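Here is how the chains run, residue by residue.
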Amino acid sequence: SKVPTLTLNNGTTMPQLGFGVWQVPDAEATKAVATALEAGYRSVDTAAIYGNEEGTGKALAQSGIAREDLFVTTKLWNGDQGYDSTLRAFDVSLDKLGLDYVDLYLIHWPKPAADTYVDTYKAFEKILADGRAKAIGVSNFLPEHLERLLGETSVVPAVNQIELHPQLQQAESRALHAERSILTEAWSPLGQGKGLLEVPTVVAIARKHGRSPAQVVLRWHLQLGNVVIPKSVTPSRIQENIDVFGFELDADDLAAFAALDEGRRIGSHPAEVN
Ligand code: NAD
């Protein structure tokens, strides 16, 4: 595939660009994932709560692509946090995906009010030790949640998947991740395709490179070192979003992107999700 891989802190590798399937109904997921695999994507990001692990798994099985050439991420939903319930929920996810291991298993949200993410992560360490996940990590963890996890468990998370796009650049989290060898994975990398792709700076940079706004935004992430998982069910956009390896942003472009940071979330604040 044309997508470069990044090496995780446990030595496994992960494609820097993958396909996100949030809000894709199970029945449509098979077709969308199949389209992505045909376009060259090898990494898929799903979650128990998305309700499309079965449809996703079907596309993986039907693709004929060797298991070792795929990278599958799923996530534990909040209601299943806790040691035993995590082990049970993981079995259900594997079964729905039709796999005997995932490449990456993430705690979907820290859900700090429940105070169960440390026990949950200890179950993740068992899943990792049993070889049923090649890597484990977290999602939506604020620096304070990561620091606590690092202090109370032994496996450093391979990844923290957080909301990140040019209008929410997450400098503090990215610096902590870099210091701790945790890969930063950007969710809603296109800002959910809403206002961001019409921001004049983004449109101007796109025009300059003869590319689309989505492509230059994805390029910005890649040059920062982020993993990205753009979502689309439209074949032409699925294609367009992976065609981002034939050009580079220059220092002026990167400076212009840097100025777009507003610290504005589209999604929920991690401290408030229960
Ligand atoms: P995104 O930033 O990937 O935007 C997707 C939307 O942008 C599409 O629905 C479409 O409307 C538009 N779009 C896509 N390609 C385009 C193109 N080339 N040109 C114009 N518009 C285009 O948003 P997302 O789906 O929220 O995030 C991507 C993935 O991140 C999700 O599918 C999911 O896998 C993951 N995610 C994780 C969490 C989490 O809590 N861990 C939360 C949200 C999303």
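Residues numbered from 1 in each chain as written. Predicted model: local features only at pLDDT ≥ 70, side-chain atom pairs only at ≥ 80, totals over all residues.

**A short note on the overall build of the protein**
Along its length, the protein carries 10 helices and 10 strands. Here the protein has a C-alpha radius of gyration of 18 Å; the compact-globule value for 274 residues is 19 Å, and the two agree. Principal axes of the C-alpha set define a box for the protein whose edges measure 55 × 40 × 30 Å. Within the protein, the fraction of its 274 residues that count as buried is 46%. Sequence separation of 24 or more characterises 72% of the internal contacts of the protein that already satisfy a separation of 6 or more. (Helix = DSSP H or I, 4+ residues; strand = E, 2+ residues; numbered from the N terminus. Rg over C-alpha atoms; globule rule 2.2 N^0.38 Å. Buried ≥ 20, exposed ≤ 12 C-beta atoms within 10 Å, placed from the backbone. Contact = placed C-beta atoms within 7 Å.)

**A few points about the UniProt feature "domain: NADP-dependent oxidoreductase" (unreviewed entry) in the protein**
The UniProt record annotates "domain: NADP-dependent oxidoreductase" (unreviewed entry) at residues 17–261. When the span residues 17–261 is considered, its composition is 45% helix and 13% strand, and the gap between its end C-alpha atoms is 22 Å. (UniProt positions renumbered as here; feature names shortened; annotations may be inferred.)

**What about the pairing of strand β6 (residues 104–107)?**
Every other side chain in a regular strand lies on the same face of the sheet, so the side chains alternate between the two faces. Of the two faces of β6, the one holding Leu104 and Leu106 and the one holding Tyr105 and Ile107 are both buried throughout. Pairing geometry for strand β5 (residues 71–76) and β6, over 4 bridges, is parallel. The residue bridging Lys75 from the neighbouring strand is Leu106, located in β6. Between the parallel pair β5 and β6, the chain is carried across by helix α3 (residues 83–97), and the sense of this crossover is right-handed. (Pairing = 2+ DSSP bridges. Right-handed = clockwise from strand over helix to strand, strands pointing away.)

**Quick look at the UniProt feature "active site" (unreviewed entry) in the protein**
As recorded in UniProt, the feature "active site" (unreviewed entry) lies at Tyr50. Along the chain, the position of Tyr50 falls in the loop between β4 (43–45) and α2 (53–63). A residue is classified by how many C-beta atoms lie within 10 Å of it, and Tyr50, with 22 of them, is buried. The contact partners of Tyr50, leaving out residues within four places of it in the chain, are Val21 and Trp22.

**Side note on the site of the ligand**
Within the structure, the ligand sits among 26 residues, and Gly20, Leu190, Gly193, Ala214 and Lys231 are positioned closest to it. Broken down by element, the shell around the ligand gets its largest block of residues, 3 residues, from helix α9 (residues 235–242). In terms of residue class, the shell around the ligand is made up of 9 nonpolar, 13 polar and 4 charged. (Near = placed C-beta within 6 Å. Nonpolar A, V, L, I, M, F, W, Y, C, P; charged D, E, K, R; others polar.)

**As for helix α4 (residues 117–129)**
Two residues of an α-helix separated by three or four positions point the same way, owing to the 3.6 residues in each turn. With 13 residues, α4 should cover 18 Å at 1.5 Å per step; its first-to-last C-alpha distance of 18 Å lies within 8% of that length. Within α4 the residues assigned to the buried category are Tyr117, Thr120, Tyr121, Ala123, Phe124 and Ile127. All buried residues of α4 lie within an arc of 155° about the axis, which places them on one face of the element. (Expected span 1.5 Å × (residues − 1). Arc of directions from axis to C-beta.)

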